[in-house]
Amino acid sequence: MSHGFGTRAIHAGQQPDPTTGAIMTPIYQTSTFVQEAPAQHKGYVYARGDNPTRQALEGCLAALEDAEFATATSSGLAAETIVLTDLGAGARVVAGNDLYGGTYRLFEKVFRNLGLTFDFVDTTDPAAVAAALETKADLLWVETPTNPTLKIADIRKLAEVSGDVPMLVDNTFASPYLQRPLTLGADVVLHSMTKYLGGHSDVIGGTLMTNDAARADRYAKLTNWTGPVPGPMDSFLVLRGLKTLHVRMDRHCDNAEALAAWLHEHPQVERVYYPGLPSHAGHEVAKAQMDRFGGMISLELKGGVEEGKAFCSRTKVFSLAESLGGVESLIEHPASMTHASVPAEERRKAGFADGLIRLSVGIEDLEDLRDDLDQAFG
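Residues numbered from 1 in each chain as written. Predicted model: local features only at pLDDT ≥ 70, side-chain atom pairs only at ≥ 80, totals over all residues. Heavy atoms only, no water.

> Explain the pairing of strand E5 (residues 167-170) to me, using residue names and the numbers behind them.
Taking every second residue as pointing to the same face, both faces of E5 are buried, with Met-167 and Val-169 on one and Leu-168 and Asp-170 on the other. With four bridges joining them, strand E4 (residues 139-143) and E5 adopt parallel strand pairing. Within E5, the position partnered with Glu-143 by the bridge is Asp-170. Handedness of the β-α-β unit built from E4, helix H6 (residues 155-162) and E5 comes out right-handed. (Buried < 20%, exposed > 50% of the residue type's maximum accessible area, 1.4 Å probe, protein only. Helix = DSSP H or I, 4+ residues; strand = E, 2+ residues; numbered from the N terminus. Pairing = 2+ DSSP bridges. Right-handed = clockwise from strand over helix to strand, strands pointing away.)

Below is the structure:
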């Protein structure tokens, strides 16, 4: 019997504790497991390799993403590191040109030095992606919606043009409630669990999901061998967050849709980036591959960079902070914060203005969020 998303979010991967009947998966805060005799054990040996709390989380994650396999890691960047380590020296990655700053830094500052090459392309243009893949490539790396300009890549079309080149989709901004890339043709889905999956700004984590058993086995082994595993408390916190993912995402979307429409008409706003607006270049594709349009909005003010920075410092309900996807609303200036590691010329090439402001719209009362932004305009 197949269950709906909310039922899976609450129950998948979990059973009542067999010893006590506890309904919540216990936090197995242990580093090692006692064996009955040498190599005779209950499936757990050492907690870096596996832990029952983490295993329950991975089962739930896989169920939500329509995946066969999930590997949880200690951060989103740890998940990215596992993927790139698996590719190895000499590999070529074709990636979107509008990426999270930490991803770009990992590519350029770490893995380029280890012998991988990276070429950046506009992933909203399937023809440009196809041209980039005419030279041998080992992975196509896609974010959709992108961070921070919220561009939309057509996952189905990219799956067609990528052919035998595997495609990874970073699904952090959408969450599996709004978009399931594996069902659209992706080979690997990556999340920073820190964001919407955890949802409460109290945990760092990452995950990789796939339907390819051999790939999943390599990712799990590499995570064990290199060590970036989430602890049992981290796993418990994300598992707890997942139980309300569907409820939270609906409120994030309600608030963001209303604020984006209001900002779009505001006389002091130059431009709003939100895929739910009919004026957004990727609106039709987003409508076809996402169930709703998400909780992230970017905007540019008519006053430019300095007015944008000042605006970020005047909000009271929106907190000035990096990260996103928590229940509380956040505001930031990407060029000086989350994307400071991306060179200015690269940012501008991707259509990312220096004065851009990014909003992570939380689940507070809409009127309070709108009033807060209204007073910040001054």
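What follows picks up the thread again.
> Describe in detail the nonpolar core, supporting the description with residues and values.
Membership of the largest hydrophobic core comes to 63 residues, with the highest contact counts inside it found for Leu-242, Leu-263, Ile-297 and Leu-359. Top contributing element to this core by residue count: helix H10 (residues 245-264), with seven residues. In this structure, Leu-263 is in contact with Val-269, Val-272, Ile-297, Leu-299, Leu-359, Leu-373 and Phe-377, ignoring residues within four places of it in sequence. (Core = buried A, V, L, I, M, F, W, Y, C linked by side-chain atoms within 4.5 Å. Contact = heavy atoms within 4.5 Å.)

> Pulling in residues and values, what's your account of the sheet that holds strand E2 (residues 92-96)?
Across the sheet, which stays open at both edges, the seven strands sit in the order E1-E7-E6-E5-E4-E2-E3 with mixed pairing between neighbours. Only two strands of the sheet have a single neighbouring strand rather than two, namely strand E1 (69-73) and strand E3 (117-121). Strand-to-strand twist across the sheet, computed as the mean angle between neighbouring axes with direction ignored, equals 20 degrees. Of the pairings in the sheet, the one linking E5 to strand E6 (residues 188-192) comprises three bridges and is parallel in character. (Axes fitted to C-alpha atoms, helices over the stretch in contact; angles between N-to-C directions.)

> How would you sum up unusual backbone geometry? Please name residues and give values.
Between Thr-144 and Pro-145 the backbone carries a cis peptide bond, its omega angle lying at -10 degrees. Note that Pro-145 resides in the loop between E4 and H6. In this model, Asn-147 is joined to Pro-148 through a cis peptide bond whose omega is 15 degrees. Relative to the helices and strands, Pro-148 is located in the loop between E4 and H6. Of note, the phi angle at Ser-201 is positive, near 55 degrees, even though the residue is not glycine. By secondary structure assignment, the location of Ser-201 is in the loop between E6 and strand E7 (206-210). In this structure Ser-201 comes out as partly exposed when scored by relative accessible area, which is 46%.

> Outline the packing of helix H2 (residues 52-64) against helix H9 (residues 232-242), supporting the account with residue identities and numerical values.
Look at H2 against H9: their axes get within 8 Å of each other, and the N-to-C directions meet at 35 degrees. In terms of crossing hand, the pair formed by H2 and H9 is left-handed. For the pair formed by H2 and H9, the contact residues are Thr-53, Arg-54, Ala-56, Leu-57, Cys-60, Leu-61 and Leu-64 on the first element and Pro-232, Ser-235, Phe-236, Val-238, Leu-239 and Leu-242 on the second. (Left-handed = near helix turned anticlockwise from the far one by under 90°.)

> Describe in detail the sheet that holds strand E12 (residues 357-360), supporting the description with residues and values.
One open sheet accounts for five strands, arranged E8-E9-E12-E11-E10; its pairing is mixed. Since the sheet does not close on itself, it has two edges, and those belong to strand E8 (269-273) and strand E10 (319-320), each with one partner. As paired elements, E10 and strand E11 (residues 330-332) share two bridges and run parallel to each other. When the bridges of E11 are listed, Ser-319 appears paired with Leu-330. Across the sheet, H10 is in contact with E8, strand E9 (296-301) and E12; its angle to E9 comes to roughly 15 degrees.

> Lay out the pattern of salt bridges with the relevant residues and their values.
Evaluation of the coordinates by the stated rule reveals 18 salt bridges. With a closest N to O distance of 3.7 Å, Lys-42 and Glu-36 form a salt bridge. Given the relative accessible area of 68%, Lys-42 is considered exposed. A salt bridge links Arg-292 to Glu-257; the shortest N-O distance between them is 3.1 Å. (Salt bridge = Lys/Arg side-chain N within 4 Å of Asp/Glu carboxyl O.)

> Any chance you could break down the packing of aromatic side chains for me, citing the residues and the numbers?
Using the criterion set out here, one finds eight aromatic pairs in the structure. Relative to Tyr-44, the ring of Phe-33 has its centre 5.5 Å away and its plane inclined at 35 degrees; by these criteria the two rings are tilted. Note that Phe-33 is positioned in the loop between helix H1 (5-11) and H2 and Tyr-44 in the loop between H1 and H2, a separation of 11 residues in sequence. Accessibility expressed as a relative area gives 17% for Phe-33, which makes it buried. Judged by relative accessible area, Tyr-44 falls into the buried class, the value being 17%. Note on Phe-107 and Phe-120: the rings are 6.4 Å apart at their centroids and 25 degrees apart in plane angle, and the pair reads as stacked. Taken as a pair, Phe-107 in helix H4 (residues 101-111) and Phe-120 in strand E3 lie far apart in primary sequence, 13 residues in all. (Phe/Tyr/Trp six-rings, centres within 6.5 Å; stacked < 30°, edge-to-face > 60°.)

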